[in-house]
Amino acid sequence: MPNSPSPTGNAERNAILKLEGVCVALAASRKTMVRNISFSVRPGEIFGLAGESGSGKTLLMRTIFGLHDDAFVEKGRMTFKNTEFSSSEHRRRVRKLLGREIGFVPQDPFSSLNPTMRIGRQIREALYLGKGISPKSAEAGKTTLELLKEVGISEPATAVGQYPDQFSGGMRQRIVIAIALSQEPSILVADEPTTALDAYTQRRIINLIIERSRNRNLAVILISHNLELLRKNVDRIAVMYGGQLFNILASDEIGSSASHPYTEALFKCIPRKDMNLADIQSIPGEPLSAGYGAAGCAFSSRCGLRRDICDTSEIPVNASLEQEFDACLVRAGRRP
Amino acid sequence: MRYVLERIAFSLFALFILIFITFLLSHVVPGDPAIAAAGPNAGAEKIQLVRESMGLDKPFHVQFLVYGAKVLAGDFGTSWFTHQPIADDIMRELPPSLELVVMAMLINLLISFPIGLVAARYHGSNFDNAVRVVAIAGAGVPIFWTAILLQQKLAADWQLFPVAGRLSFANRDFEGATGFYILDSLVQMRLDVFADLMMHIFLPALALSLLFTAVGVRITRTAMISEFRKDYVVMARAKGASEARIMFRHVFRNGATPSLTVFGMQFGWMLGATVLVEEIFGRPGIGRYAIKAVTQSDIHAVVGVVLVVGLVFVISNMAIDIILYAINPRKTRED
């Protein structure tokens with residue numbers, strides 16, 4: 001098992017990314033949207049971040065990596081490759097790592113490429129910004145072709161002179177990934193990279209990312225609302241709901257006792273081949289958005305295990321950066 | 001290429017409509033031109049002769065064809081007031097006005113694009129709010145008031161600029177091949193004249209541009225805000241691009257389209273608005289010529305001015321359409 005819980009001290013030293021008690025607030029209203037997120041990601045690990053729309057997963061990722069203008073890190077600490085980023089000056093400092101240490105693949109391949117810039121130029125720009133290769137040099141041209149070939153673009157020499165609208169969604173996402181990988185980051189954040197794509201293309205894009213991760217020891221944070229996709233492809237999954245971190249578990253432990261009730265509920269929503277239509281469940285009630293401000297567990301109103309404690313106590317936080325973590329107040333009482 | 005030809009055909013059609021409207025214009029004016037032209041003491045026979053010589057006895061459509069042919073040949077008739085061919089008058093008065101409009105447009109673009117872009121980037125900030133307030137206020141200030149205020153304060157009170165005219169008295173004999181003195185002075189290497197021209201044109205151009213600039217800033221800002229929300233901006237940031245690179249290399253070109261359309265129309269509107277500024281600053285130009293023609297009921301001169309202003313409007317819009325086409329790779333390719 002690659003992901004068995006390890007002593008925290010060891011995990012902490014090895015981690016490429018550590019979040020400790022990170023809170024994210026909106027710039028305009030100063031409302032706290034995401035609270036007390038703590039987890040660590042190891043080099044080369046494929047880490048899944050799951051949650052329904054509005055759970056705060058994208059907001060959290062975009063904010064800690066300095067990509068969000070409308071939100072900021074309000075509290076807590078991020079450590080990336082042994083460099084600490086405290087909440088003040090966070091964005092300005094982390095942006096210096098963008099394009100070098102951190103790669104990012106946005107959700108919608110149809111809008112994540114500049115529509116009026118040729119593909120080749122967009123890749124050469126990435127090479128220039130990330131590795132200082134002059135865009136006009138022969139090296140830049142050669143590397144660009146190699147990158148496109150690597151991600152499965154069949155005629156790279158033609159592709160470099162074309163514009164994004166001449167490619168399908170899947171092809172564009174490959175190009176976006178080529179751009180992110182061209183800078184050889186140590187961590188790649190992919191925000192729902194396959195949501196806009198059909199099942200077959202989805203498979204190929206995910207495989208492309210996983211293959212790269214294995215070959216180059218690239219850490220990947222895969223953000224998705226699709227728990228099944230994560231379960232099949234990542235090492236560990238963190239589950240968020242209402243801006244809170246509920247659960248961190250190895251992907252093969254979903255459905256086991258390590259699951260938080262919300263993780264379990266999500267898992268039961270996934271249709272499987274051996275199911276009748278009637279067996280597919282849904283979670284009662286409406287999903288809560290990030291920014292849940294009241295005390296207690298954000299999921300309590302929809303949870304079958306609800307006790308009084310769920311509405312009065314603060315949920316546990318993963319303060320010691322355990323590899324696995326369960327924030328359920330009810331189960332915490334029952335566990336040995 | 002097909003698109004370009006289409007735009008040219010469309011412009012020619014617009015031009016045809018324009019000629020037709022100006023033709024109607026001279027027909028709906030009260031009074032019989034033959035009687036007016038024959039003079040107060042002419043008898044019925046004389047009037048009839050004049051009518052025939054002017055072609056006014058011909059059917060409506062024949063008159064229109066004759067008129068159209070003349071206009072296309074650059075013959076707008078003779079001014080009743082200057083007794084010169086109107087085409088010559090306009091050729092003399094148009095260059096200073098176009099110079100004024102081009103300068104005003106330059107000021108407009110130099111303010112609208114950067115301010116609109118930066119306000120959009122820092123959307124919701126104090127800077128953005130200030131820009132919005134000033135733009136709204138600016139769009140409500142009439143040009144003649146701006147012109148008088150600038151003239152009074154900057155020229156008369158503080159003496160930073162000349163009060164009126166196109167050139168100083170010392171340079172009154174300057175002549176150039178094109179009539180565009182700014183160009184001519186540069187060609188002749190007369191930098192003293194060039195500087196003099198710039199000092200004279202600055203205030204009128206500023207006065208003419210401010211109202212249009214207020215609109216330009218708002219349009220640019222709105223277009224850029226929606227551009228900054230797109231994922232390719234996030235992608236560029238993730239690539240490590242600086243904010244300046246994102247603004248100028250990525251967002252600007254994509255967000256400039258709606259503003260360019262507006263700037264193209266503004267060019268024609270500005271030429272129409274030179275009337276106010278030229279009168280106040282005592283500059284020669286098509287606007288002042290139009291005022292004289294109107295006040296003296298010089299109908300053919302008025303028609304000539306309307307035609308030429310309309311022509312500039314049609315051409316500037318066509319030019320913008322073609323520019324927008326040229327910078328849009330998808331449209332260029334689909335042709």
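For the structure, see preceding data.
Chains are numbered independently. Their residues run from 1 in the order of the written sequence. Chain labels run from A onward and ligand labels from 1 onward, assigned in the order the entries are written. Since the coordinates come from a predicted model, pLDDT governs what is reported: local features require at least 70, and pairs of side-chain atoms require 80 or more to be given and counted, while whole-chain, interface and lining totals use all residues.

Asker: Any chance you could explain the nonpolar core here in plain terms?
Answerer: Note on soluble globular proteins: their nonpolar side chains tend to be buried together. We define a nonpolar core as a collection of buried residues of the types Ala, Val, Leu, Ile, Met, Phe, Trp, Tyr and Cys that are connected via C-beta atoms lying within 7 Å of each other. The exposure scheme places C-beta atoms from the backbone and then counts, for each residue, the other C-beta atoms within 10 Å of its own, assigning buried at 20 or more, exposed at 12 or fewer, and partly exposed in between. One finds A:V220, A:I221 and B:V305 to be the most contacted residues of the largest nonpolar core, which totals 167 residues. We count a stretch as a helix when DSSP gives it H or I for four or more residues in a row; a strand needs E for two or more, and each element gets its number in order from the N terminus. Ranked by the residues each element gives to this core, the list is headed by helix α9 (residues 191-228) of chain B, at 16 residues.

Asker: Is there a simple way to think about the sheet that holds strand β5 (residues 83-86) of chain A in this case?
Answerer: As a general point, the strands of a sheet are linked pairwise by backbone hydrogen bonds and lie either parallel or antiparallel. Residue and element names in this part refer to chain A. Here, a strand pair is defined by DSSP locating no fewer than two bridges between the strands. Taken in spatial order, the four strands of this open sheet run β2-β1-β4-β5, and their pairing is antiparallel. If you trace the sheet from one side to the other, it starts and ends with β2 (32-41) and β5, each paired once. Ignoring strand direction, the axes of neighbouring strands in this sheet form an average angle of 10 degrees. Taken together, the four bridges between strand β4 (residues 71-80) and β5 define a ladder with antiparallel strand orientation. Between N-to-C directions, angles cover 0 to 180 degrees, with each direction set by a line fitted to C-alpha atoms, over the stretch in contact for helices.

Asker: Can you help me understand the packing of helix α7 (residues 143-157) of chain B against helix α11 (residues 243-281) of chain B in this one?
Answerer: When two helices pack together, their arrangement is given by the angle between the helix axes and by the axis-to-axis distance. Residue and element names in this part refer to chain B. Interhelical geometry of α7 versus α11 gives an angle of 25 degrees and a closest axis separation of 9 Å. On the basis of the axis angle, α7 is roughly parallel to α11. α7 and α11 meet at a crossing whose hand is right-handed. In contact with I143, F144, A147, I148 and Q151 of α7, α11 contributes A273, L276, V277, I280 and F281. Angle categories are assigned with fixed cut-offs, so that under 35 degrees is roughly parallel, over 145 is roughly antiparallel, 65 to 115 is roughly perpendicular, and the rest are oblique. In this scheme, a crossing is called left-handed if the near helix is turned counterclockwise away from the far one by less than a right angle; it is called right-handed if the turn is clockwise. Whether two residues are in contact is decided by their C-beta atoms, placed from the backbone, lying within 7 Å.

Asker: What's the story with helix α12 (residues 286-295) of chain B in this structure? I'm lost.
Answerer: Structurally, the α-helix is built with 3.6 residues per turn, so residues lying three or four positions apart point the same way. The complete set of buried residues in α12(B) reads B:I286, B:G287, B:R288, B:Y289, B:A290 and B:A293. Looking at the buried side of α12(B), the elements it contacts are α5 (86-121), α11 and α13 (299-326) of chain B.

Asker: Sorry, what's going on with the interface of chain B and chain A here?
Answerer: Accessible area lost upon the coming together of the parts is a frequently used measure of interface size. Listed as interface residues are 16 residues of chain B and, on the opposing side, 23 residues of chain A. At the level of secondary structure, the elements contributing two or more residues to the side of chain B that touches chain A comprise α10 (231-238), α11 and α14 (329-334) of chain B.

Asker: Whenever I open this one, the pairing of strand β7 (residues 187-191) of chain A confuses me. Can you help?
Answerer: Within a regular strand, side chains alternate between the sheet's two faces. All names here are of chain A. With five of five residues buried, β7 lies mostly within the body of the structure. Judged by which residues are buried, β7 turns out to be covered on both faces: I187, V189 and D191 on one side and L188 and A190 on the other are all buried. Judged from the four bridges that link them, strand β6 (residues 102-105) and β7 form a sheet pairing that is parallel. The partner of I102 across the bridge, within β7, is I187. In the sheet, β7 pairs with strand β8 (residues 219-224) via five bridges, with the strands oriented parallel. Note on β8: the bridge partner recorded for V189 is I221. Between the parallel elements β7 and β8, the chain passes through helix α8 (residues 199-216) in a crossover that is right-handed. By convention a crossover is right-handed if, when the strands point away from the viewer, the path from the first strand over the helix to the second runs clockwise.

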